[in-house]
Amino acid sequence: VVLRVVDGEAVAHAAVDAVGGAHVPDAKTLRLLPEERRRVLALERLRSCAIGDPEAKADACIDALEERGVFRVGRGDLDLDLRLRFPPAFAGAVFSAADAESLSPSLIWAIMRRESGYNPAARSRAGALGLLQLMVPTASRIAGRAVSEESLEDAGSNVRLGASYLRQLVREFGDSRAASAAYNAGEEAVRRWLGARSEIYDLWVDLIPFRETREYVKQIYAAMRRYESVYEATPNP
């Protein structure tokens, strides 16, 4: 699934194709609507189709929504239930970054799922931005140059820098569980914890002194394994 930028009328006509034209204004009416209204109308129709239509049509609408960066919309009783809960979000950016950094795509998706819920415009109260919730100083350090807030709201740039940061953490700590703990609590905290107990295994996670980080690591690890099972990804080293 690759995010593509298209104009409002194109999106609206995609909605017509996806739902077979039902309850969608004709082409002449669409052209008279403001562009933003055309875009909103199209997304409304696609969401309605994904949730309420028979499975074949719903599947097509889910595909169309995912192409526009809208994930986890659909009925849970479909065979697509796991895909809805664990979507291959921004797959082009994820696979490219995973390949460049020798990471499992499943780890990147798991972090993305927990950090932003697949929302490229996500912004935390602390100022972390985008799909992988990067702080501007952290992103600038990783990039070796000043990075703007705007660039972190771009899906490709955010995933690329986030994957580079994840690779640094995996390289230093040698395990995805410790790397995800550092992603949440910071490298210095994990260095302290490893100083007290250097072998990383399930008990190490349970002994993390911060409850938020303990739960974070468990959620990341579980989501990563689920992504591997759904998409047959190569296990993370």
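Per chain, residue numbering runs from 1 following the sequence as it is written. Predicted model: local features are reported for residues with pLDDT of at least 70 only, side-chain atom pairs are reported and counted for 80 or more only, and whole-chain, interface and lining totals are derived from all residues. The side-chain figures draw on all heavy atoms in the structure; neither hydrogens nor water molecules are used.

**Structural notes on the confidence of the model for the chain**
The pLDDT averaged across the chain works out to 81; a share of 77% of its residues lies at or above 70. Scored from 0 to 100, pLDDT records how confident the predictor is in each individual residue. Elements are defined by DSSP. Helices are runs of H or I of four residues or more, strands are runs of E of two residues or more, and each kind is numbered from the N terminus. Least confident of the elements in the chain is helix H1 (residues 8-19), whose mean pLDDT is 45; most confident is helix H10 (residues 155-173), at 97. We call two residues in contact when some of their heavy atoms are within 4.5 Å. Per-residue pLDDT stays below 50 along residues 1-24; that stretch engages in 46 contacts with residues further than four places along the chain or on separate chains.

**Topic: the nonpolar core**
The set of buried Ala, Val, Leu, Ile, Met, Phe, Trp, Tyr and Cys residues whose side-chain atoms join them within 4.5 Å is what this entry labels a nonpolar core. To sort residues, take the accessible area from a 1.4 Å probe on protein chains only and compare it with the maximum for the residue type: under 20% means buried, over 50% means exposed, and anything in between is partly exposed. Counting residues in hydrophobic clusters, the biggest one holds 52 residues, and the most contacted among them are Leu107, Ile108, Ile111, Met112, Tyr183, Val190 and Trp204. For this core, the elements supplying multiple residues, two or more each, are helix H6 (91-101), helix H7 (105-116), helix H8 (136-143), H10, helix H11 (176-185), helix H12 (187-196), helix H13 (202-206) and helix H14 (211-231). Residue contributions to this core peak at nine residues, all from H10. Discounting residues that sit within four places of it in the chain, Ile111 has contacts with Leu132, Leu166, Ser180, Tyr183, Tyr216 and Ile220. Residues Leu43, Leu46, Leu65 and Val70 belong to the second largest nonpolar core, which totals 11 residues.

**Some details on the layout of surface pockets**
In this analysis the probe radius is 1.4 Å and the grid spacing 1 Å, with only protein atoms considered; a cavity is a set of points the probe fits into but cannot get out of, a pocket is an open set with protein on both sides within 12 Å along at least five of seven lines, and lining residues have an atom within 4 Å of a point. Grid points are joined across faces, edges and corners, and a volume is the space filled by probe spheres set on the points. Reported here for the largest pocket is a volume of approximately 340 Å³. In this structure, the largest pocket is lined by 16 residues; those nearest its centre are Glu115, Ala128, Gln133, Tyr183 and Asn184. Elements with a minimum of two residues in the lining of the largest pocket: H7, H11 and H14. Among the elements that line the lining of the largest pocket, the one with the most residues is H11, at three residues. The class makeup of the residues in the lining of the largest pocket is eight nonpolar, five polar and three charged. Three categories are distinguished: nonpolar for Ala, Val, Leu, Ile, Met, Phe, Trp, Tyr, Cys and Pro, charged for Asp, Glu, Lys and Arg, and polar for the others, with Gly belonging to the last.

**Points about H14**
To estimate the expected span of a helix, count its residues, drop one, and scale the result by 1.5 Å. Taking 1.5 Å per residue as the helical rise, H14 with its 21 residues ought to reach 30 Å, and the 30 Å between its terminal C-alpha atoms agrees with that figure. Among the residues of H14, those classed as buried are Thr213, Tyr216, Val217, Ile220, Ala223, Met224, Tyr227 and Glu228. Taken around the axis of H14, the buried residues stretch over an arc of 140°, which confines them to a single face. Facing away from the buried surface of H14 by more than 90 degrees, the exposed residues are Arg211 and Ser229. Throughout, the arc means the angular range of directions from the helix axis out to the C-beta atoms.

**Notes on the side chain of Asp175**
Along the chain, the position of Asp175 falls in the loop between H10 and H11. Among the residues examined, Asp175 registers a relative accessible area of 14% and is labelled buried. Discounting residues that sit within four places of it in the chain, Asp175 has contacts with Val170 and Ile200.

**Description of the packing of H8 against H10**
Lines fitted to C-alpha atoms define the axes, with helix axes restricted to the stretch in contact, and inter-axis angles between N-to-C directions lie between 0 and 180 degrees. Packing of H8 against H10 brings their axes to within 10 Å, and their N-to-C directions diverge by 75°. Here H10 runs roughly perpendicular to H8, going by the angle between their axes. Facing Thr138, Ala139, Arg141, Ile142 and Ala143 of H8, the residues of H10 in contact are Leu161, Ser164, Tyr165 and Gln168. When its residues are assigned to classes, the contact of H8 with H10 shows five nonpolar, three polar and one charged. If an angle is under 35 degrees, it is roughly parallel; if it is over 145, roughly antiparallel; if it lies from 65 to 115, roughly perpendicular; otherwise it is oblique.

**What about the packing of aromatic side chains?**
Paired rings are identified among Phe, Tyr and Trp, the last through its six-membered ring, by centres lying within 6.5 Å, and are further divided according to the angle between planes into stacked (under 30 degrees), edge-to-face (over 60) and tilted (the rest). One pass over the structure, following the stated rule, counts seven aromatic pairs. Taken together, a centroid distance of 5.1 Å and an interplanar angle of 20° make the contact between Trp109 and Tyr227 stacked. Note that Trp109 is positioned in helix H7 and Tyr227 in helix H14, a separation of 118 residues in sequence. Take Trp109: its relative accessible area is 2%, and that puts it in the buried class. Judged by relative accessible area, which is 0%, Tyr227 ranks as buried. Where Trp109 meets Tyr231, the ring centres are 5.7 Å apart and the plane angle is 45°; that geometry is what we call tilted. Taken together, the positions of Trp109 in helix H7 and Tyr231 in helix H14 put the pair 122 residues apart, joining distant regions of the chain.

**Focus: the packing of H6 against H10**
The interhelical angle for the contact between H6 and H10, taken along N-to-C directions, is 30°, at an axis separation of 9 Å. Taken together, the axes of H6 and H10 lie roughly parallel to each other. In terms of crossing hand, the pair formed by H6 and H10 is right-handed. When H6 is examined against H10, the residues Ala93, Val94, Ala97 and Glu101 are found in contact with a partner set consisting of Gly156, Val159, Arg160, Ala163, Ser164 and Arg167. Here is the rule for handedness: rotate from the far helix to the near one, and if that takes an anticlockwise turn smaller than a right angle the crossing is left-handed, while a clockwise turn gives right-handed.

**Looking at unusual backbone geometry**
One non-glycine residue, Phe90, lies in positive phi territory at about 45°. Relative to the helices and strands, Phe90 is located in the loop between helix H5 (81-85) and H6. Residue classification places Phe90 among the buried positions, given a relative accessible area of 3%.

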